[in-house]
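A structural walkthrough
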Amino acid sequence: EEIQSPAAKGHPKGLYVLFATEMWERFNYYGMRAVLILFMTKALMFDKVFASNLYGSYTSLVYLTPLIGGYIADRYWGNKRSIIVGGLVMALGEFVLFFCASNYNAGGLSTLLFFSGLGLMIAGNGFFKPNISSLVGQLYPKGDRRTDAAYTIFYMGINVGGAIGPIVCGFLGDTGNVFDFKWAFLAGGIAMLLGVIVQLIFQTKYVVTPEGKPLGLVPKDAPKAMSNPVLIILGLAAFATLMIGMLYVEAKVFSFITYLLLASVLFIAFIIFSDKTLNKIEKERVIVIFIVAFFVIFFWSAFEQAGASLTFFAEEQTQRDLGFVNIPASVFASLNSIFVVSFAPIFAWLWIKLGKKEPSSPTKMAIGLFLLALGYLWIAFGVKDVSASVKVSMMWLVGMYALHTCGELCLSPIGLSLVNKLAPLKFASLLMAVWFLANAVANKFVGILSALYPPGIAEVKKAADAGINLQPILTKQVTPTAEELTKLKDLKIPFEYQ
Ligand code: GLN
């Protein structure tokens, strides 16, 4: 039976408080992410292989820590505190990155600052993201039919932030002058602080249960010590240090996080399948969730190339000059969110219009994967004759992002509600974690795949500085000498060294 609380026509004000907070947070996350790979390759002078792998490891951890942040909120901190704490830690991460980018050629120190900034972003996101999403549902009575609409509105908030962040950070930071990257991180940090301020001002008053009682408070049975500010700060510092340490280890081997992800999957599967109280049907449903999560990995691995290989493509191979303005490569990262905001109403209308003919959830997921593939097929046409120094029209990237977004709108909402419907109550949060974990694995793949991006103009320049003419070597008109090969290897230029 469908319930609607009598007081409310439309949506509770709390939804708009969460909308605004999430919008500023996504501005912060996607804004910094848009310039991240360019900052690594152009300012920090990391080679593409290293930068791609580090990028994938970073975004992978960003999706892994919500498992911990969700757990700590449920037991010790409650949603509200976790959101504020997480937001502040992320803002701090941006400011550390700002500092790093202001002194980016400070040798070992700048590496420490860079990894610290990323580690703080990872730790903060872990506390922020799962808790803000779960508050949205708690604004409504169980079974209220406005909940789906609430999540759709919230998803708009995500994407308004995801659209504006890369535009602002891209124009400020990705200017061609490597000293400007710092402004992108500063803008991200300020945006995050605005999100925290929105929470501090409006949270207690508006983010409440349908009966008007406070939401997301510290659980009653939580030990008092867990609310001691000194312990909270020490705990956070320890957690952030752990993340920074993990990035250091990962940067040495680039397989550590892969094992961590594998271990997490096995651990969760073990907890669920060793539970004696689940019956056969419940276990089969859990298996369905795992299968769906498995396919979703392939979707996000290709989709989330946006911040990595596709940013290289925008930077090096795309004609971005409109005559009156030169669009920075990082700004292309906003296209997905712009298309989400524009297309979502069309898809909502389409599903209603189709009525009984609306495709089933598995069919929609398959359509989503198909559209993703179609997007890459589209861009493959555009680049089939491209070489390092050739630039193609931006319609190839724009069209691809449009197709990818249509895929996202088919697949992404379905996945979450499928998990909601199929998960046995006892493991609802843990199986939501499986969904995040699929994202984490996918983002790790993003880095591995992006590392395969072929040498481009950046490498041609780098080689020229070392006295090598790379262009004819890349087009196989000239075979490199043994000495040149060693030099290219030293420069870490990805190349087929046979
Ligand atoms: N763009 C959405 C967000 O940031 C979804 C991304 C994802 O699930 N990988 O929340």
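Residues numbered from 1 in each chain as written. Predicted model: local features only at pLDDT ≥ 70, side-chain atom pairs only at ≥ 80, totals over all residues.

Attention now goes to the overall build of the chain. Within the chain, the regular secondary structure consists of 16 helices and zero strands. Whereas a compact globule of 498 residues would reach a radius of gyration of roughly 23 Å, the chain reaches 23 Å, a difference of no more than 12%. Projected onto the principal axes, the alpha-carbon positions of the chain cover approximately 75 × 60 × 50 Å. A burial count over the chain gives 48% of its 498 residues as buried. Taking the contacts inside the chain whose residues are at least 6 apart along the sequence as the reference set, 83% of them involve residues at least 24 apart. (Helix = DSSP H or I, 4+ residues; strand = E, 2+ residues; numbered from the N terminus. Rg over C-alpha atoms; globule rule 2.2 N^0.38 Å. Buried ≥ 20, exposed ≤ 12 C-beta atoms within 10 Å, placed from the backbone. Contact = placed C-beta atoms within 7 Å.)

Taken together, R26, I158, G162, W300 and N439 are the residues near the ligand. Considering only residue class, the shell around the ligand consists of two nonpolar, two polar and one charged. (Near = placed C-beta within 6 Å. Nonpolar A, V, L, I, M, F, W, Y, C, P; charged D, E, K, R; others polar.)

The next thing to look at is the environment of G375. Along the chain, G375 turns up in helix α11 (residues 361–383). When near neighbours in sequence (up to four residues on either side) are disregarded, G375 contacts M400, L403, H404 and G407.

A separate point is the nonpolar core. In this structure, L18, V35, A101 and A184 are the most contacted members of the largest nonpolar core, which totals 136 residues. With 21 residues, helix α2 (residues 48–102) is the largest single contributor of residues to this core. Ignoring anything within four residues of it in the chain, the contact list for A101 reads F39, A43, F181, K182 and F185. If you look at the next biggest cluster of nonpolar residues, it comprises seven residues, including A463, I473, L488 and I493. (Core = buried A, V, L, I, M, F, W, Y, C linked by C-beta atoms within 7 Å.)

As a further point, take unusual backbone geometry. You will see that M45, though not glycine, has its phi angle at about 60 degrees, which is positive. Turning to its location among the elements, M45 is positioned in the loop between α1 (13–43) and α2. At F254, a residue that is not glycine, the phi angle is positive and equals roughly 55 degrees. Following the sequence through the fold, F254 ends up in the loop between α6 (229–253) and α7 (256–273).

With that out of the way, let us pick up the environment of I272. You can see I272 is positioned in helix α7. Measuring from C-alpha to C-alpha, the distance between I272 and F427 comes to 7.5 Å, with 155 residues separating the pair along the chain. The residues contacting I272, other than those within four sequence positions of it, are V286, F427 and L430.

At a minimum axis distance of 8 Å, the contact between helix α8 (residues 280–303) and helix α13 (residues 428–450) shows a crossing angle of 30 degrees. Accordingly, the angle class assigned to the pair α8 and α13 is roughly parallel. α8 and α13 meet at a crossing whose hand is right-handed. Contact residues: V286, I289, F290, A293, V296, I297, W300 and S301 in α8; L431, V434, W435, A438, N439, V441, A442, F445, V446 and L449 in α13. Within the contact of α8 with α13, the residues separate by chemical class into 16 nonpolar, two polar and no charged. (Axes fitted to C-alpha atoms, helices over the stretch in contact; angles between N-to-C directions. Parallel < 35°, antiparallel > 145°, perpendicular 65-115°, else oblique. Left-handed = near helix turned anticlockwise from the far one by under 90°.)

Right, let's talk about the confidence of the model for the chain for a bit. Detailed reading of the predicted model is not advised wherever pLDDT is low. Per-residue confidence for the chain gives a mean pLDDT of 91, with 97% of residues at or over 70. On the interface metric, ipTM, the complex scores 0.95, and its pTM is 0.92. (pLDDT = per-residue confidence, 0-100.)

Helix α3 (residues 108–138) packs onto α2 with a crossing angle of 145 degrees between their chain directions and a minimal axis gap of 4 Å. Taken together, the residues of the contact of α2 with α3 break down into 27 nonpolar, 16 polar and one charged.

Further remarks concern the environment of T241. Relative to the helices and strands, T241 is located in helix α6. The exposure class assigned to T241 is partly exposed, which follows from the 14 C-beta atoms found within 10 Å. The spatial distance from the C-alpha of T241 to the C-alpha of A123 is 9.1 Å, given a sequence separation of 118 residues.

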